[in-house]
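Residues per chain, in single letters:
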Amino acid sequence: MDIDIVASPPTGVEADVLAFPVPDPVVLPPSGQEIDRLVEGRLAHLIEDGELKGSRGRLTLLHSDGRLQAHRVAAAGVGERDETDADSLRTAAAAVARRASEIGARTVAWVLEENGLPVGASDQARAVVDGIALGPYYAGRWKTKADDDEERTRELERLILCGPGAEAVAEEARRANVIARWTNRCRDLVNAPANELTPARLTEWAEATASELPSARFESIGGDEIREAGMGALAAVGQGSTNPPQLMTIRYEPEGARKEFVLGLIGKAITFDAGGLSLKPADKLDEMKSDMGGGAAVLAATAAIAELGIPLRVLTVVPASENMPGGRAFRPGDIITSLSGKTIEVTNTDAEGRLILADALWHARQNGATHLVDLATLTGAMVVAMGDFYAGVFGNDAAWVEDVRAAGEAVGDHVWPWPLHETYRRHLHSTFADMKNSSEHRQGAPIYAARFLQEFVGEGPWAHLDIAGTAYLERGRGDYYSTPGATGYGVRLLTELAQRLTQ
Ligand code: BES
Ligand code: ZN
Ligand code: ZN
């Protein structure tokens, strides 16, 4: 999707759909009043008759019949004026984009203006770009024919931002568009089935992607090289599958970046989590193709950071593996030696994410990352606790956790802080090894998992995001993510974090 900025009055903008936000109760913004004058009071009639409403996500579309340069006018509801936030605008813009796409429209213009909404101009622009780019995302690319009741939605060709404030936010809007495009590429990866997206295929994607990025170097090791490198935990998880595990590393070292700061981005990429010999039940097992959502997010975010030329060193590490049962699979009771040298008794092979992350976190620290963030679809209990809207964040450094939280909250990847405390360490105690990978207690599972990871982060700040509930939706969320499947959670957050670290 291209973005154009137009300074002329919205009434003169050529587009398939000209959209503007309306609050509930409806008040037409200045441009809406001007549009209404040109369409001879039809908007006012619809308001009087109660047909044009401002509730969140509600859309009213009418033809301009040649009275405007745009073919159609769309009033997009954002809900109560005082409660309007960037998410309301994302939802409103997504509703416009989805409808536009369904009726075959390719160009949408959106009026940004002093409309009294409590969202600043640049946040409005970013939110509208998010909504327009993420809203019509189509997850059915394996269908040979779209369902009858489901017109195939398509990305729009062009978004035109217009209105008095548009030029001032042009750059922000263009950057948001780059980030949204990588967010959708992340969704493509997460939605891809495990028979297509094996660890090797993900590695190929990452290598091809990195080769196009400025100042980025890609490396990977796979199969036996992983055990030879001392990554006993990643090797153990991967040994049960005929598709060998991989470890990808991308170094982004742009000119002008400070040398003493290296952002380490680590993402869990289990391309299919059957649970291993601690086999999961059949119910919803298909969703475990999405257990690589953390890895996909850090790869796509690295691409966005490099494409935007953000002057910050980044070291991205993605351990990729399947977690399968079978004759070669690792067993409950096995004792493995991680890259750090610490030994782990495997009490549950389904707690595999923390194992592959143990080696990846240590590897990132050994290779110079000064500040770590890991993203992982780590625990089912996080889904139970926080549902589909907030990810939980944990860490060993309050200021760093706050940086991560604030970056996510600013861009729509919502984050809620969770505690860590030494008292939880006792749940890792093993009779035989330095620790065990899973506690027999069900309470506090996301915290135990985070506490396990903490053993492998070395010295320096680290934050862990458990994105099990937010990376992949069982059902639409009723906002700009209106369909089930991958969200691309984390791409916006990490790119924003990197940007903020340069300021
Ligand atoms: N990939 C799962 C976590 C998960 C579950 C993500 C549901 C998204 C939706 C993870 O590897 C796992 O199986 N965790 C176990 C840990 C337990 C064995 C300590 C869990 O949460 O049940
Ligand atoms: Zn698992
Ligand atoms: Zn898993």
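Scroll up for the structure.
Everything numeric in this text was worked out from a predicted model, so none of it was measured.

Student: What exactly am I supposed to notice about the nonpolar core here?
Tutor: Side chains that are nonpolar tend, in soluble globular proteins, to be buried together. Within the largest apolar cluster, 60 residues are counted, with the highest numbers of intra-cluster contacts made by L263, V373, W400, V404 and L465. When sequence neighbours within four positions are dropped, the list of residues in contact with V373 reads L263, G264, L265, I266, W400, V404, A463, L465, L494 and L497.

Student: Help me understand the sheet that holds strand β3 (residues 59-63) in this model?
Tutor: By definition, the strands of a sheet pair up through backbone hydrogen bonds, in either a parallel or an antiparallel sense. Judged by pairing direction, the sheet is mixed, and its 6 strands sit side by side in the order β1-β6-β5-β2-β4-β3 without closing on themselves. Single-partner strands in this sheet number two, and they are β1 (2-6) and β3. Shown here is a sheet whose adjacent strand axes are inclined to one another by a mean of 25°, direction ignored. The pairing of strand β5 (residues 107-111) with strand β6 (residues 158-162) spans 5 bridges and is parallel. Counted as the bridge partner of T107 is R158 from β6. The strands touched by helix α4 (residues 121-134) are β1, β5 and β6; relative to β6, the strand with the most contacts, the crossing angle is about 160°. Seen against the sheet, helix α5 (residues 170-191) touches β1 and β6 and runs at an angle of roughly 165° to β1.

Student: Any chance you could explain a negative patch on the surface here in plain terms?
Tutor: A cluster of acidic residues, D24, E80, D82 and E83, forms a negative patch at the surface. Here D24 shows up in strand β2 (residues 17-24).

Student: What is the right way to look at empty space enclosed by the protein in this model?
Tutor: With a probe scaled to a water molecule rolled over the atoms, the places where space remains empty come into view. Counted by the stated rule, this structure contains 2 cavities of 30 Å³ or more. As a volume, the largest cavity reaches approximately 60 Å³. Looking at which element gives the most residues to the lining of the largest cavity, the answer is α5, with 4 residues. When grouped by side-chain class, the residues that make up the lining of the largest cavity number 3 nonpolar, 2 polar and 2 charged. Here the second largest cavity defines a volume of roughly 40 Å³. Lining the second largest cavity we find F389, G412, D413, H414, T470, R477, Y480, Y481, T487, Y489 and R492. Split into classes, the residues belonging to the lining of the second largest cavity amount to 4 nonpolar, 4 polar and 3 charged.

What counts and how
Residues numbered from 1 in each chain as written. Chains lettered and ligands numbered in written order. Predicted model: local features only at pLDDT ≥ 70, side-chain atom pairs only at ≥ 80, totals over all residues. Heavy atoms only, no water. Core = buried A, V, L, I, M, F, W, Y, C linked by side-chain atoms within 4.5 Å. Buried < 20%, exposed > 50% of the residue type's maximum accessible area, 1.4 Å probe, protein only. Contact = heavy atoms within 4.5 Å. Pairing = 2+ DSSP bridges. Helix = DSSP H or I, 4+ residues; strand = E, 2+ residues; numbered from the N terminus. Axes fitted to C-alpha atoms, helices over the stretch in contact; angles between N-to-C directions. Patch = residues over 30% accessible without salt bridge, like charges linked within 9 Å, V, L, I, M, F, W, Y side chains within 5 Å. Areas by Shrake-Rupley, 256 points an atom, 1.4 Å probe, with all protein chains shown as cover. Salt bridge = Lys/Arg side-chain N within 4 Å of Asp/Glu carboxyl O. Lys, Arg positive; Asp, Glu negative; His and termini not counted. Charge placed at Lys NZ, Arg CZ, Asp CG, Glu CD. 1 Å grid on protein atoms, 1.4 Å probe; cavity = no way out; pocket = protein on both sides within 12 Å on 5 of 7 lines; lining within 4 Å. Points joined across faces, edges and corners; volume = space filled by probe spheres on them. Nonpolar A, V, L, I, M, F, W, Y, C, P; charged D, E, K, R; others polar.

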